[in-house]
Amino acid sequence: MTSHPFLRRLDAIELVRRMGRITRILPTYLEADGPGVPRGALCRVETTDGAAILAEVVAVQRDSVVLVPLEERAPSFVGACVTAAPMAEYVPVGDAFLGRAVDAFGRPIDGKGAIQTEEHGRLQGEPVSPLERSTPSRVLETGVRAIDTLLTLGHGQRVGVFAAAGVGKTSLLGQLARQVKADRCVICLVGERGREVEALWRSSLSEGDRARSTLVAATSDQPAAQRVRAADYALALAEQWRREGLHVLLLLDSATRLAMALREVGLAAGEPPTVRAYTPGVFAAIPKLVERCGALHAGGSITALMTVLCETDDTDDPIAEMMKSLLDGHIVLSRTLAEQGHFPAIDAPRSISRLARGLTTPAERRDADRALGQLSAY
């Protein structure tokens, strides 16, 4: 349960101005001798043009803090003032965001006016007990025959779309955004090209589709911390509508680029690199993101479809393997089918929906098993 808006405003008041000075500047992060704030806090950093940029504290040491910029403006300088910003635990959410495209801070990027709302939700989400969760029992109709018949999905299921570059992951997500019947749709594009953001929002979706949807985008040229925040903001929007008892479709493209942004932030914070240089923080953050989705006994659900960019067509990189273990199913796209002009290029025998048997009748499952067996033999 979220706190009263009046209490949140009191929490945001800074009665003491906490500040420090920049002591070191590197390409991806800054070091300062203050302020004394916890990890995850936001600070304003003075720049050469007299303005300020937001930066997030990613590491705290005895006599210094490490900050990762959330914005790209004029550069900072040694000795620049660093001031603690009010804690941004809560962010604006609600129906005012329907039909709008925003950045990782909830600021419009669609050229329309400012978004006015009194509703707020926690950026990092509210903790949910495992026994408060519900196993999906309603079939999710996608309009894609290979999915609906052989890989049946349910409301509140978490599914990954796995493929190498250029096989049609984003195109499939655009098709699902149009065809899946949901009360609300949240599209989160992390680390994508700016052209793809525009094409998905304005070309792939009709006016009616956009009216029930919200786009949260952080493109590949934006700071890593902003790309990470975009995913958290998209989930904060989805969780608010789930609390209202609605079925929310969350489309995240892509989980791999989110992991890359987390890796960049982790390396800046001094975390040790592990396999493929991914830091331990990556393998801690991704499961939390996945678990924020799903259905609840109290009502409402978040059906999550997340693309996973594999480095090779064998889908054997560490992020792909981790996502397979976390999700309720995976849809693997085949380059061979894509090269034959087949769309969507779903490799059904290599894909699985872990909830399909509980969502279909025995006769439907027998037919699906028979079809999968014939495809495998072929």
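Residues numbered from 1 in each chain as written. Predicted model: local features only at pLDDT ≥ 70, side-chain atom pairs only at ≥ 80, totals over all residues. Heavy atoms only, no water.

S.K.: I'm lost on the overall build of the protein chain in this one. Help?
M.R.: Per the secondary structure count, the protein chain includes 12 helices and 20 strands. In summary, the protein chain has a C-alpha radius of gyration of 22 Å against a globular reference of 21 Å for 378 residues, a match within 12%. Taken along its principal axes, the extent of the C-alpha atoms in the protein chain is 70 × 45 × 40 Å. The 378 residues of the protein chain split such that 53% are buried. Residue pairs at least 24 apart in sequence account for 70% of intrachain contacts in the protein chain once pairs closer than 6 positions are excluded. (Helix = DSSP H or I, 4+ residues; strand = E, 2+ residues; numbered from the N terminus. Rg over C-alpha atoms; globule rule 2.2 N^0.38 Å. Buried < 20%, exposed > 50% of the residue type's maximum accessible area, 1.4 Å probe, protein only. Contact = heavy atoms within 4.5 Å.)

S.K.: Help me understand the environment of Glu291 in this model?
M.R.: Relative to the helices and strands, Glu291 is located in helix α8 (residues 280-291). Sequence separation of Glu291 and Val128 is 163 residues, and the distance between their C-alpha atoms is 8.8 Å. Sequence-distant contacts of Glu291, that is, excluding residues within four places in its chain, are made with Arg133 and Arg158.

S.K.: Looking at this structure, I do not really get a nonpolar patch on the surface. What am I missing?
M.R.: A cluster of nonpolar side chains, namely Ile25, Phe77 and Val78, defines an oily patch on the protein surface of about 250 Å² accessible area. Relative to the assigned elements, Val78 resides in the loop between β5 (65-69) and β6 (81-84). The exposure class of Val78 is exposed, given its relative accessible area of 56%. (Patch = residues over 30% accessible without salt bridge, like charges linked within 9 Å, V, L, I, M, F, W, Y side chains within 5 Å. Areas by Shrake-Rupley, 256 points an atom, 1.4 Å probe, with all protein chains shown as cover. Salt bridge = Lys/Arg side-chain N within 4 Å of Asp/Glu carboxyl O.)

S.K.: Please explain the packing of helix α6 (residues 224-243) against helix α7 (residues 255-268) as it appears in this structure.
M.R.: When two helices pack together, their arrangement is given by the angle between the helix axes and the distance between those axes. It is the contact of α6 with α7, at a shortest axis distance of 8 Å, that shows an interaxial angle of 130°. In terms of their interaxial angle, α6 and α7 are classed as oblique. Here the hand of the crossing between α6 and α7 comes out left-handed. On the side of α6, the interface is formed by Ala224, Ala225, Arg227, Val228 and Ala231, while α7 contributes Leu258, Ala261, Leu262, Glu264 and Val265. The residue makeup of the contact of α6 with α7, split by class, is eight nonpolar, no polar and two charged. (Axes fitted to C-alpha atoms, helices over the stretch in contact; angles between N-to-C directions. Parallel < 35°, antiparallel > 145°, perpendicular 65-115°, else oblique. Left-handed = near helix turned anticlockwise from the far one by under 90°. Nonpolar A, V, L, I, M, F, W, Y, C, P; charged D, E, K, R; others polar.)

S.K.: For this particular structure, what's the right way to read α7?
M.R.: For α7, with 14 residues, the first-to-last C-alpha span of 20 Å sits near the 20 Å given by 1.5 Å per residue. Here α7 has its buried residues at Ala255, Thr256, Leu258, Ala259, Ala261, Leu262, Val265, Gly266 and Ala268. One or two residues past the end of α7 sits Gly270, with phi positive at roughly 90°. (Expected span 1.5 Å × (residues − 1).)

S.K.: Before we go on, may I ask you to explain the packing of aromatic side chains in this structure?
M.R.: The relation between two aromatic rings is expressed through the spacing of the ring centres and the mutual angle of the planes. Evaluated as defined, the whole model comprises two aromatic pairs. A cation over a ring is seen here: Lys324 above Phe162, with NZ or CZ 5.8 Å from the ring centre. (Phe/Tyr/Trp six-rings, centres within 6.5 Å; stacked < 30°, edge-to-face > 60°. Lys NZ or Arg CZ within 6 Å of the ring centre and 35° of its normal.)

S.K.: Would you mind going over the pairing of strand β14 (residues 184-190) with me for this structure?
M.R.: Both faces of the sheet carry side chains from a regular strand, because those side chains alternate between them. Across the seven residues that make up β14, a large majority, seven, are buried. Neither face of β14 is exposed, since Arg184, Val186, Cys188 and Val190 on one face and Cys185, Ile187 and Leu189 on the opposite face are all buried. Bridge count for β14 against strand β16 (residues 247-253) is six bridges, and the pairing is parallel. Along β16, the bridge assignment pairs Val186 with Leu250. (Pairing = 2+ DSSP bridges.)

S.K.: Even after reading the chapter, I still don't get the nonpolar core, so can you show me in this structure?
M.R.: Across soluble globular proteins, you tend to see nonpolar side chains buried next to one another. Counting residues in hydrophobic clusters, the biggest one holds 64 residues, and the most contacted among them are Met306 and Met323. For this core, the leading source of residues is α6, giving 12 residues. Not counting residues up to four positions away in its chain, the partners in contact with Met323 are Phe162, Ala255, Ile286, Val290, Met306 and Val308. Core analysis: the next-biggest nonpolar cluster, separate from the first, contains 35 residues, Ala101, Leu176, Ile346 and Ala368 among them. (Core = buried A, V, L, I, M, F, W, Y, C linked by side-chain atoms within 4.5 Å.)

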